[in-house]
Structure formats: C-alpha cells, structure tokens
Amino acid sequence: MDPVKLRLEGKKMIEIVANYWEEIRHRKPIPDVKPGYLNKLVPEHPPKTTETWETILGDLEEVVFNGSSHWNHPHFFAYFPAGIGYHSILADIISSGLSSVGFTWIACPPITELEKVTLDWLVTLMNLPEYFKNSHPGPGCGIIQSSASDSTLIAIMTARAAKVEQVKNNPSSYKWVKDETLSIFYKIFYWQSNRSIHDSTDIITPYYHDPRVFKDFVMYFCDQGHSSIEKGAMLAGVRFRKLKGTRKYLDNYGLDPDVLQKAIEEDRARGFIPFMLVATVGTTATCGVDEIEKLGPICQKEGLFLHVDSAYAGEKSVFFVILIRSFAFCEEFKYLVKGIEYADSYNTNLHKAGMINFDCSPLWFKNGTYASRYYNVDPVYLAHEYQSTSADYRHLEIPLGRRFRSLKIWFTLRNMGVDKIKEYQRKTVALALQFSKIILENEKFELFTPPHLGLATFRLKNHSNSDNKRFLDAINRDRRIHLVPSMVHGTFLLRFCVGSPLTDEDDIYHARRVMIEVYFKLFQK
Ligand SMILES: *Cc1c(COP(=O)(O)O)cnc(C)c1O
C-alpha cells in the first residue's frame, strides 16, 4: 500500500462507517450469534498470499457487523451506553495517522500539551476546582487514562504510597510502633530514610510501595461501588471492606457517613490502618450517589485519601468525574460535584455520557506533583532536556506509551460544542424519566429506585426474583431491545439506560411495547 492507495481505500472505510450509522436502526441491537461463531467464517490458518481489499471488505458484514452488539443502536438500553459523536471517530484517524507515542514530552510534544489544555477546558466546563488545572500554579493536574478501572487503580496505588510515606515519616503515630526507640529504629534502620533498600541480597524493596508497611492498610467503598474498585484493591494487594449501602440520599443507595465512621473506628481498634475511601457518584446498579459533601470531612479528619469514581455521572455535572457517567456538564446536575473540594482525585468517563468514543477517561489529582514521585523510575533513555520544566505523563500512569486521546476532546468541544453535549445529556435524562412514567401505566410493573441521570430501574410487581430474571432473559432472547439486570441487597432488578443519541420518544414506547408482549407470552398463556 502507498499513500495513493491509502487515500482511495481510506475514503471507502469512511463510507462504510457512515453507512453503518445511517442504517443502524435496521439492525438488531444485539446479535444472534453463539461463542465461536467466527471460527466458521475465518480460516484456521493465515493466508499464504495477500488478499485484495474487495475480498476483505466483502467479509466485513458477516464477520464483524453481523456479530456485533450495536452500542449506539436506539434500542440498546444496557450498561451505561456510550453516546458518541462522529468527531471522536475522526480524531482517532488523525491519532492513528500520526502514529506517535507520547510517553514523555519530547516523545511527541503536542500529545502532552494538548492534553494539558483540553483537560483544563473540562475543569472549567464541569465546574471542577481551579486547582485541578494543569495551568494552575499549584500541584494539581489532569491526565487522560484509558478507563475508570485504570483511574481507580492509579488512585489506590497513589493513596497506598502516600500512606506508606506518612507512616515511614512518623512511625510513632501508629500504635504498633508506640515506643520512641522502636520508632527511631524503624525510621533509620528498618525502612531506611528515603530510598529503596538494597539489603545484603540483591532484592530491592520499593520505598513508597513497601509491603511491610501496607500489609496493615485497609480501604473502604460502598457495596454499590463498581467491581473495578474491588479489582483495583485486589491488584494493589490491600485489604478492603465493602460497606453496606443505605437507601437515603435521592431515595437511592449510597454510603452512610456513620457507617464509614464506625468502620474506621472498628478497624483502628483492631490494629489496621484505614487509608482510603473510594466514593461513587453514579453507581452502576441504580445510579446512586455517595455524598462526598458528608463523607469528605470524615476522610479529612481521619487521614483517608478520597477518590471519587464518577465514571458515568461525572460528565453530567458539566463533566464531573467521581465514578459517574460524566453528566457534570449541565448546571442542573451540579449537585453531583458537591463536596468535590474534599476529593484527592476525581475521574469521569467521557466515553460514557461525554459524546466521545472509547477510550477517554480523565483523572484529576489535587496533588499530582506529589503523586508523580510514586511512579517515577527515571532511566537514562527517557531523560530529556526539558524534563524539569515540562510534564511527563509517564509518571502518572501504568503504561509508558500513550495515544493522542485529547484530539477527541479538542475536535468534539470545538465543532460539536458543549451545548450539543448538554442537549444530548438532558435528552437521555428526560427519556429515562419518561420511560419510568409510561412503564408505571401498566400495573404489572414497579420502579425500584427513582430514575436518575438517564437510568431507570424497575421490576415486575409481585413477582419473584426468578420470574424477573426469566422476564429479562426473554426480553434479550427476543432481540428487539437490549437490557441488563442488576442485584441490590438480594433484589433482582432490570436497568433501562438511555445512551444512544439516536434514541427518541418513539423508541421508549417501542421498548415498553416489546416488554408487555414478552410479559404476556411468558406469564399469561
Ligand atoms: C463504567 C464504570 C466503571 C468502569 O469503567 P471502565 O472505563 O470501563 O473501566 C467504573 N465505575 C463506574 C461507576 C462506572 O460507571
């Protein structure tokens, strides 16, 4: 292939994508395929001779599109669907076309610089604290991670390292090193002062990530938090407690401050060191909210690092990233970021409600300069002449290589504009609200929690969990609409989430019609 052919074939690719979007409504939101379907369509061995583009593109429909779940189908109501705009698709072309890897500033300056600027734009648009800005003279900063899961893991490891450092600097503040002499021993001989230990063997103990210290740490999150929080804790090798959520704020599920306070006291009494709370704004099951405004002061008082997972809701407070689907853009959703000043780090997925395709998950730190020390390994081959005056994002992420994801934000905010994003977010919220109303017109249904930010939760009234599960399974087998369930404290529920920008009022009525038909087929023979 040469640039001439690239131009020719590239135009065809765009044609295919545009056609896909134009005709998506004629597809089914989920495919009718079984695991392994693809083995029958693709030969076991790679081709011996090259094939033409015509042949390959000829296979695209059967192998790829026909087997796909169509996340932007107007009848795809599962998960937190990603509402995307074409701008991010185009930005990905430029990013791939440039094919540079921005691990340090010098490795590709615009990758770092545009990310710094666009994340500052988001701080403004989402009403986040000014000190999160990269341009702010303080130590705050923002960086795009690949996913909320990465962001949470980074936050956990940052919190863990910060607490290890605190303990090492001040051993006598912890009850298991009460004695002053012992404390000096720990500080000078056992932990060393400020670098990794090279003991008599050649084994290195990382100074900030010292398992001898964090073995006693414990972190908290609500049992309504996303599975990625538990995964992050597991991978970071820290103990954790899933605190039972209470139904209170917004008549939804969230972490009660008294429950957190009690857990901290119990664990301290048992000799553990509480070090972190991961709060969620916009839980996956019911879009509940952990009230940062009330939990934050406890974290502050008890020395806990507070990370807010707003993967879904965040954007709706005109971009609020505390594990919500980023609703933070709209003024009326500002309550989602109430108490944000207590957060040490905050994350939202623009690839959920921010009209940007996967992946784009901004993460902000109140004190990024501090955090970057915990990730700093400075090999000679990465050093560059501007490293003291430029940000190197490699110090705040797991991979070294990074894509040019900020282009997606740049294109979207400049050409689509924030008003269009707000309009989209408001529409999804209104449609979910409307669905909650019209589903109740039929007395067979009841709501589980009040609709919140584009998510409605409901179930069959006076039916068991297993009936509700059969109902959900039958809906998905029917394939005209797609929903996923959830379980809260033993109750099985159905989630109806509006995300596709193509979903309109008629589609909501269509969904209800399908549900009622499926119900009658199943239960009223
Ligand atoms: C979607 C979601 C996640 C996981 O997001 P990824 O970016 O896929 O890792 C985590 N937490 C919440 C609250 C979510 O909504």
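It should be emphasised that the depicted structure is a prediction, and the values quoted were computed from it without experimental measurement.

### Digging into the side chain of Arg 394
- Within the secondary structure, Arg 394 sits in the loop between helix H12 (368–372) and helix H13 (406–416).
- Side chain to side chain, Arg 394 and Asp 392 meet in a polar contact 3.0 Å long.

### Structural notes on a nonpolar patch on the surface
- Judged by side-chain polarity, Ile 14, Leu 90 and Ile 93 come together as a nonpolar surface patch covering roughly 250 Å² of accessible area.
- Inspection of the secondary structure assignment puts Leu 90 in helix H3 (residues 86–98).
- By relative accessible area, Leu 90 is classed as partly exposed at 42%.

### Topic: the UniProt feature "modified residue: N6-(pyridoxal phosphate)lysine" (unreviewed entry) in the protein
- Feature annotation in UniProt assigns "modified residue: N6-(pyridoxal phosphate)lysine" (unreviewed entry) to the following positions: Lys 352.
- By secondary structure assignment, the location of Lys 352 is in helix H11 (residues 350–353).

### Brief notes about the nonpolar core
- The biggest cluster of nonpolar side chains holds 55 residues, and the ones touching the most others in it are Leu 122, Leu 128, Tyr 220, Leu 260, Leu 277, Trp 364 and Ile 409.
- Counting contributing residues per domain, this core is built from domain 1 (215–348) and domain 2 (419–523), each supplying no fewer than three.
- In terms of nonpolar packing, the next biggest core, distinct from the first, is built from 37 residues, Val 213, Phe 221, Phe 305 and Tyr 393 among them.

### Regarding the sheet that holds strand E9 (residues 305–309)
- The seven strands lie next to each other as E1-E13-E12-E9-E8-E4-E5, forming an open sheet whose pairing is mixed. Bordering the open sheet on either side are strand E1 (141–145) and strand E5 (239–243), each of which pairs with just one other strand. Averaged over all neighbouring strand pairs, the angle between strand axes comes to 20 degrees, with direction disregarded.
- In terms of strand pairing, strand E8 (residues 273–280) meets E9 through five bridges, oriented parallel. Bridge pairing in E9 places Thr 280 opposite Asp 309.
- Most of the contacts of helix H9 (residues 257–269) go to E5, to which it runs at about 145 degrees, and overall it touches strand E4 (217–222), E5 and E8.

### A look at the packing of helix H5 (residues 148–169) against helix H8 (residues 227–236)
- For the pair H5 and H8, the least separation of the axes is 9 Å and the interaxial angle reads 45 degrees. Taken together, the axes of H5 and H8 are oblique relative to one another. In this structure, H5 crosses over H8, and the sense of that crossing is right-handed. Contacts between H5 and H8 involve Ser 149, Thr 152, Leu 153, Ile 156, Met 157 and Arg 160 from the first element and Ser 228, Ile 229, Gly 232, Ala 233, Leu 235 and Ala 236 from the second.
- Looking at the contact of H5 with H8 residue by residue, the class counts come to seven nonpolar, four polar and one charged.

About the thresholds
Residues numbered from 1 in each chain as written. Predicted model: local features only at pLDDT ≥ 70, side-chain atom pairs only at ≥ 80, totals over all residues. Heavy atoms only, no water. Helix = DSSP H or I, 4+ residues; strand = E, 2+ residues; numbered from the N terminus. Polar contact = N/O pair within 3.5 Å; in protein donor to acceptor, adjacent residues only side chain to side chain. Patch = residues over 30% accessible without salt bridge, like charges linked within 9 Å, V, L, I, M, F, W, Y side chains within 5 Å. Areas by Shrake-Rupley, 256 points an atom, 1.4 Å probe, with all protein chains shown as cover. Salt bridge = Lys/Arg side-chain N within 4 Å of Asp/Glu carboxyl O. Buried < 20%, exposed > 50% of the residue type's maximum accessible area, 1.4 Å probe, protein only. UniProt positions renumbered as here; feature names shortened; annotations may be inferred. Core = buried A, V, L, I, M, F, W, Y, C linked by side-chain atoms within 4.5 Å. Domains from an automatic or database assignment. Pairing = 2+ DSSP bridges. Axes fitted to C-alpha atoms, helices over the stretch in contact; angles between N-to-C directions. Contact = heavy atoms within 4.5 Å. Parallel < 35°, antiparallel > 145°, perpendicular 65-115°, else oblique. Left-handed = near helix turned anticlockwise from the far one by under 90°. Nonpolar A, V, L, I, M, F, W, Y, C, P; charged D, E, K, R; others polar.

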